[in-house]
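Chain by chain, the residues run as shown.
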Amino acid sequence: MSTVPDLLDFDGLLDDAEREVRTRVRAFVDERVKPSIADWYDRAHFPVELVPELAALGLLGMHLSGYGCPGRSAVEYGLAAMELEAGDSGLRTFVSVQGSLAMSAIHKHGSEEQKQRWLPSMARGEAIGCFGLTEPNSGSDPASMTTFARRDGDDWVLNGAKRWIGLASIADVAVIWAQTDEGVRGFLVPTDTPGFTATPIAPKMSMRASIQCDIALSDVRIPADAQLPEARGLRAPFSCLNEARYGIGWGVIGAARDSYETALAYAGQRMQFNQPIASFQLTQSKLVDMALEIEKAQLVALRLGRLKDAGRLAPHQISVAKLSNTRAAIAVAREARTILGGNGVSAEYSPMRHAANLESVRTYEGTDEIHTLVLGAHLTGIPAFRSVT
Ligand code: FAD
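Residues numbered from 1 in each chain as written. Predicted model: local features only at pLDDT ≥ 70, side-chain atom pairs only at ≥ 80, totals over all residues.

Q: Lay out the overall build of the protein chain with the relevant residues and their values.
A: Looking only at helices and strands, the protein chain has 11 helices and nine strands in total. Against the compact-globule benchmark of 21 Å for 389 residues, the protein chain has a radius of gyration of 21 Å, which places it among compact chains. With the principal axes as the frame, the protein chain shows a C-alpha extent of 80 × 50 × 40 Å. (Helix = DSSP H or I, 4+ residues; strand = E, 2+ residues; numbered from the N terminus. Rg over C-alpha atoms; globule rule 2.2 N^0.38 Å.)

Q: Go over the site of the ligand, please, and point to the residues and values.
A: Every one of the 20 residues lining the ligand counts as a neighbour, but Gly139, Ser140, Gly166, Thr367 and Glu369 are closest to it. Of all the secondary structure elements, the ones that give two or more residues to the shell around the ligand are β1 (129-132), β3 (155-166) and α11 (368-380). Classifying every residue of the shell around the ligand gives 10 nonpolar, nine polar and one charged. (Near = placed C-beta within 6 Å. Nonpolar A, V, L, I, M, F, W, Y, C, P; charged D, E, K, R; others polar.)

Q: Any chance you could break down the pairing of β3 for me, citing the residues and the numbers?
A: As paired elements, strand β2 (residues 148-152) and β3 share five bridges and run antiparallel to each other. Each bridged residue has a counterpart across the sheet, and for Asp152 the counterpart in β3 is Asp155. From the end of β2 to the start of β3, which pair antiparallel, there are two residues, and Gly153 there has a positive phi angle of about 65°. Note that β3 and strand β7 (residues 212-223) share nine bridges and pair antiparallel. Residue pairing in the sheet places Trp156 in a bridge with Ile222 of β7. (Pairing = 2+ DSSP bridges.)

Q: Give me the lowdown on the nonpolar core, citing residues and values where you can.
A: Within the largest apolar cluster, 111 residues are counted, with the highest numbers of intra-cluster contacts made by Ala102, Cys130, Phe187, Val189, Ala256 and Ala329. Other than its neighbours up to four places away in sequence, Phe187 contacts Ala149, Trp156, Leu158, Ile176, Ala178, Ile222, Ala226, Gln227 and Leu228. (Core = buried A, V, L, I, M, F, W, Y, C linked by C-beta atoms within 7 Å. Buried ≥ 20, exposed ≤ 12 C-beta atoms within 10 Å, placed from the backbone. Contact = placed C-beta atoms within 7 Å.)

Q: So what's going on with the packing of helix α4 (residues 74-87) against helix α7 (residues 235-269)? Which residues, and what values?
A: Where α4 contacts α7, the two axes come as close as 6 Å, and the packing angle between them is 40°. Here α4 and α7 pass one another in a crossing that is right-handed. Where α4 approaches α7, its residues Ala74, Tyr77, Gly78, Leu79, Ala81, Met82, Glu83, Leu84, Glu85 and Ala86 are matched on the opposing element by Tyr246, Gly247, Trp250, Gly251, Val252, Ile253, Gly254, Ala255, Arg257 and Asp258. (Axes fitted to C-alpha atoms, helices over the stretch in contact; angles between N-to-C directions. Left-handed = near helix turned anticlockwise from the far one by under 90°.)

Q: Which residues make up the environment of Val51, and what values do they have?
A: Within the element layout of this structure, Val51 appears in helix α3 (residues 51-56). Residues Val51 and Ile339, spaced 288 residues apart in sequence, show a C-alpha to C-alpha distance of 34 Å.

Q: Quick rundown of the packing of α4 against helix α8 (residues 281-309)? Include the residues and the values.
A: Between α4 and α8, the least distance of the axes is 8 Å, while the angle of their chain directions is 145°. Facing α4, whose interface residues are Ala74, Val75 and Gly78, α8 presents Ala301, Leu302, Gly305, Arg306, Lys308 and Asp309. Taken together, the residues of the contact of α4 with α8 break down into four nonpolar, two polar and three charged.

Q: Outline helix α9 (residues 315-339), supporting the account with residue identities and numerical values.
A: Over its 25 residues, α9 extends 37 Å from the first C-alpha to the last, a length consistent with the 36 Å expected when each residue adds 1.5 Å. With respect to burial, α9 is a largely interior element, 18 of its 25 residues being buried. (Expected span 1.5 Å × (residues − 1).)

Q: Describe the pairing of β7, naming the residues involved and giving the relevant values.
A: Examined bridge by bridge, strand β6 (residues 196-200) and β7 share five bridges and lie antiparallel to one another. In the strand pairing of β7, Thr199 is matched with Asp214.

Q: For α4, give the residues involved together with the corresponding values.
A: For α4, with 14 residues, the first-to-last C-alpha span of 20 Å sits near the 20 Å given by 1.5 Å per residue. Counting buried residues in α4 gives 14 out of 14 residues, a clear majority hidden from the surface.

Q: Hey, could you go over unusual backbone geometry for me, with residue numbers and the actual values?
A: Here the amide bond leading from Ala202 into Pro203 is cis, since omega sits at -5°, within 30 degrees of zero. With respect to the element layout, Pro203 can be found in the loop between β6 and β7. Positive phi, close to 55°, is recorded for Ala44, a residue that is not glycine. Mapped onto the secondary structure, Ala44 falls in the loop between α2 (37-43) and α3. Residue classification places Ala44 among the partly exposed residues on the basis of 16 C-beta atoms within 10 Å.

Q: Report on the environment of Asp192, specifying residues and quantitative values.
A: Position of Asp192 among the secondary structure elements: in the loop between β5 (183-190) and β6. By the C-beta count within 10 Å, which is 8 here, Asp192 ends up exposed.

Q: Which residues make up the environment of Pro47, and what are the values?
A: Topologically, Pro47 is positioned in the loop between α2 and α3. Under the C-beta neighbour-count criterion, Pro47 is labelled buried, with 20 such atoms within 10 Å. The spacing of Pro47 and Ala202 is 155 residues in sequence and 17 Å in space, taken between C-alpha atoms. Once you skip the residues sitting within four places of it in the chain, Pro47 turns out to touch Trp40 and Ala209.

Read these as spatial facts, not as claims about activity.
Structure below.
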């Protein structure tokens, strides 16, 4: 099975194991997601019933090793993200939050006991995690967070608020980032701890088949050993964000490809002026531009994956893929929508749903503007995150 359009024989750059992961996840998405996604999206339903199947496919904590995690390569993880997002960005977001954010935080920064307690059950999909960094007044600038953890005897007591936290209302454990007297630290908060509440944000115009919440932390008391011992400062959450951003660089190509495939199929059978609309040069021009963007995005993602598997991936390179591929994907989804004409605004067809989802994707894990500034700083040597006064 080749990827469509595959003008440049992208398949020839993959090995058998990589192609096998892609085929397996694509079959799952075709069978279990595509038939129902329009309904889930309409009802704002996150299909939590699929979590055991995602776990059985080895997609939770997929690129982490040990503690019951699948230990697959970065490229395999990326290909899986791409196939999931061909179904819906919300599904890929679930896998990103669970594996790349929550499990990664524990894997990178947790104690041996914390890893043993949480990672095997999270890989099996029996426990769900969330990752609380963003706050109502602290988004692109997480250093401005005000959630605070104070020592009280042997315990920590957390107060504050988090916003837009994926999965929080169905999570068993929340990774909460908070200021302390020694700087930013991470904490594992079981979500049944008194004082912890998570309220889904609704209604949403994007990512409707996934869950994001407001979290309130009111005198949440947790023991000393709930702190992530290896997490010191903002570098710790940033290291997890880089894992998730890596997956996004791949995932968005799936949304673009599904949009393209939908438009191509429609253009082949939709008749106007007694001929298929695919026969019009303007339609072909759109399809060609979409295919070129997908081809380029795949090559960017694969280069990123090979660098990551070789242990040579630099953060600014992740910004290249997050910014460039998300921008390309949203343009492809919107262009695909135009080929569908009026039917393009019906929930029966995927491109407009993908385009709406990608509005979230271009915002979370660093907005377009923040990744532009990361690359601007890399190119010029001058950070421009703050205005000069
Ligand atoms: P702001 O930071 O207020 O930005 C608003 C606008 O100002 C943007 O266009 C931004 O680019 C621009 N801007 C800000 N600073 C600058 C600057 N220096 N120069 C130029 N422009 C600037 N967070 C979590 O912690 N966990 C999650 O699981 C999670 N999931 C999410 C899921 C969804 C669907 C969404 C929408 C968000 C999620 N987020 C999550 C939050 C997300 O990471 C933030 O929304 C994002 O970081 C942007 O922060 P903000 O919304 O506060 O926007």
